[in-house]
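A look at the structure
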Amino acid sequence: MSENQNLLAEQRRSLILDEVRRRGGVRVNELTRKLGVSDMTVRRDLDALARQGVLEKVHGGAVPVVEASTHEPGFEAKSGLEQTAKEDIARAAAGLVTPGSAIALSGGTTTFALAHHLLDVPDLTVVTNSVRVADVFHAAQRTSGPRQGAATVVLTGGVRTPSDSLVGPVADQAIATLHFDLLFLGVHGISPQAGLSTPNLAEAETNRRLVHSARRVVVVADHTKWGVVGLSSFATLEQVDTLVTDAGLPADARAEISDHLRELVVAGDSGPVTDD
């Protein structure tokens, strides 16, 4: 079968990773038939995914990496995953923001993508415990200079995590005195039983403070976070007002999530799914 030029490498690798996780392992020859690409292309994709630490190559194929509940990937490792999905989610989430709002963005690669889409929303007050998110706004101001309506950015203090979030007592105390119209929350994992979870105990406590200080909680998470459980839970699904995810989330998961949340927004779909 001829090389399929219509699939970008990122899309192809996302499909491969979904297949590995769903089936518990795949063979190279199965992937070549399914994707319509060469053996060499599949092996290059598996090499790239293995370098990102999301699967393990074995003879003739690949299997998923079994991560401990305490495993916390770094920002760079996570930023290369599900890039298209994160961009779709960020674009949809930005549509929820009203000019002049006080919003909070937690750490994470999806909130980092969202920050770029908020640069042109006027008169925002942005509170974040993410060094990367704060840098997005500061870099824009350095590039374009002072401009009317530019966001006011408040960066909490704290101890830096592998995800470049600031957590711990200093961050917790700062957040406890604030009140947000809207919180955008990135998560390590989301499930009906464990709710929202993270492998970092200190980050879990900081996230609890963020949730408590927000009038509306919006979780931004791609479909690969569904069913993942970290060491520490910090919120139930019932504490979430809206989940913004991507079209890769299976129909059964969408139905299950809708039983717990007020609103499910699937980026790329025609509209939100509300819980009546």
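Given the structure is predicted, the values throughout are model-derived calculations rather than measurements. (Residues numbered from 1 in each chain as written. Predicted model: local features only at pLDDT ≥ 70, side-chain atom pairs only at ≥ 80, totals over all residues. Heavy atoms only, no water.)

A look at the overall build of the protein chain
- On a plain count of helices and strands, the protein chain comes out with ten helices and 16 strands.
- Counting only residues that meet the buried cut, the protein chain has 49% of its 276 residues in that class.
- Sequence separation of at least 24 residues holds for 64% of the intrachain contacts in the protein chain that already meet a minimum separation of 6.
- Accessible surface computed for the protein chain: about 12,900 Å², of which carbon and sulfur atoms make up 51%. (Helix = DSSP H or I, 4+ residues; strand = E, 2+ residues; numbered from the N terminus. Buried < 20%, exposed > 50% of the residue type's maximum accessible area, 1.4 Å probe, protein only. Contact = heavy atoms within 4.5 Å. Areas by Shrake-Rupley, 256 points an atom, 1.4 Å probe, with all protein chains shown as cover.)

Some thoughts on the pattern of salt bridges
- Scanning the entire structure with this criterion turns up 13 salt bridges.
- A salt bridge links Asp164 to Arg160, with the shortest nitrogen-to-oxygen separation between them at 3.1 Å.
- For Arg208, the salt bridge is made with Glu205, and the minimal N-O distance between the two is 2.8 Å. Separated by three residues within a single helix, Arg208 and Glu205 lie in helix H9 (residues 201-212), roughly one turn from each other.
- You can call Arg208 partly exposed: its relative accessible area is 32%. (Salt bridge = Lys/Arg side-chain N within 4 Å of Asp/Glu carboxyl O.)

Let's talk about the environment of Glu19
- Here Glu19 shows up in helix H1 (residues 9-23).
- Overall, the relative accessible area of 8% leaves Glu19 in the buried class.
- Spatially, the C-alpha atom of Glu19 lies 9.0 Å from that of Leu31, the residues being twelve residues apart in sequence.
- When near neighbours in sequence (up to four residues on either side) are disregarded, Glu19 contacts Gly24, Val26 and Lys34.

Brief notes about the packing of helix H6 (residues 109-117) against helix H7 (residues 131-144)
- One can describe the packing of H6 onto H7 by two numbers: an axis separation of 9 Å at closest approach and a directional angle of 15 degrees. Considered as vectors, H6 and H7 are oriented roughly parallel to each other. In this structure, H6 meets H7 at a crossing whose hand is right-handed. Along the contact surface, H6 presents Thr111, Phe112, Ala115 and His116, while H7 presents Arg132, Val133, Val136 and Phe137.
- Broken down by class, the residue content of the contact of H6 with H7 amounts to five nonpolar, two polar and one charged. (Axes fitted to C-alpha atoms, helices over the stretch in contact; angles between N-to-C directions. Parallel < 35°, antiparallel > 145°, perpendicular 65-115°, else oblique. Left-handed = near helix turned anticlockwise from the far one by under 90°. Nonpolar A, V, L, I, M, F, W, Y, C, P; charged D, E, K, R; others polar.)

Quick look at helix H5 (residues 83-94)
- Its twelve residues give H5 an end-to-end C-alpha distance of 16 Å, which sits within 8% of 16 Å, the value for a rise of 1.5 Å per residue.
- Residues of H5 that are buried include every one of Ala85, Lys86, Ile89, Ala90, Ala93 and Ala94, and no others. Looking straight down H5, one finds its buried side chains confined to an arc of 160 degrees; they lie on one side. (Expected span 1.5 Å × (residues − 1). Arc of directions from axis to C-beta.)

A closer look at unusual backbone geometry
- Not every positive phi belongs to a glycine, and Asp123 is a case in point at roughly 60 degrees.
- Along the chain, Asp123 turns up in the loop between H6 and strand S5 (125-128).
- Looking at Asp123, the relative accessible area reads 49%, which means it is partly exposed.

Some remarks on the packing of H1 against helix H3 (residues 39-51)
- Contact geometry of H1 with H3 gives a least axis separation of 10 Å together with a crossing angle of 75 degrees. Classified by the interaxial angle, the pair formed by H1 and H3 is roughly perpendicular. Counting all contacts with H1, which are made through Arg12, Arg13, Ile16 and Leu17, the residues of H3 involved are Thr41, Arg44, Asp45, Leu46, Ala48 and Leu49.
- Within the contact of H1 with H3, the residues separate by chemical class into five nonpolar, one polar and four charged.

Section: the side chain of Thr111
- Locating Thr111 in the fold gives a position in helix H6.
- Of the polar contacts made by the side chain of Thr111, one reaches the backbone oxygen of Gly108; its length is 3.0 Å.
- If sequence neighbours within four positions are ignored, Thr111 has contacts with Leu105, Ser106, Val133, Phe184, Leu185, Gly186 and Val220. (Polar contact = N/O pair within 3.5 Å; in protein donor to acceptor, adjacent residues only side chain to side chain.)

That's the geometry; what it means functionally is another story.
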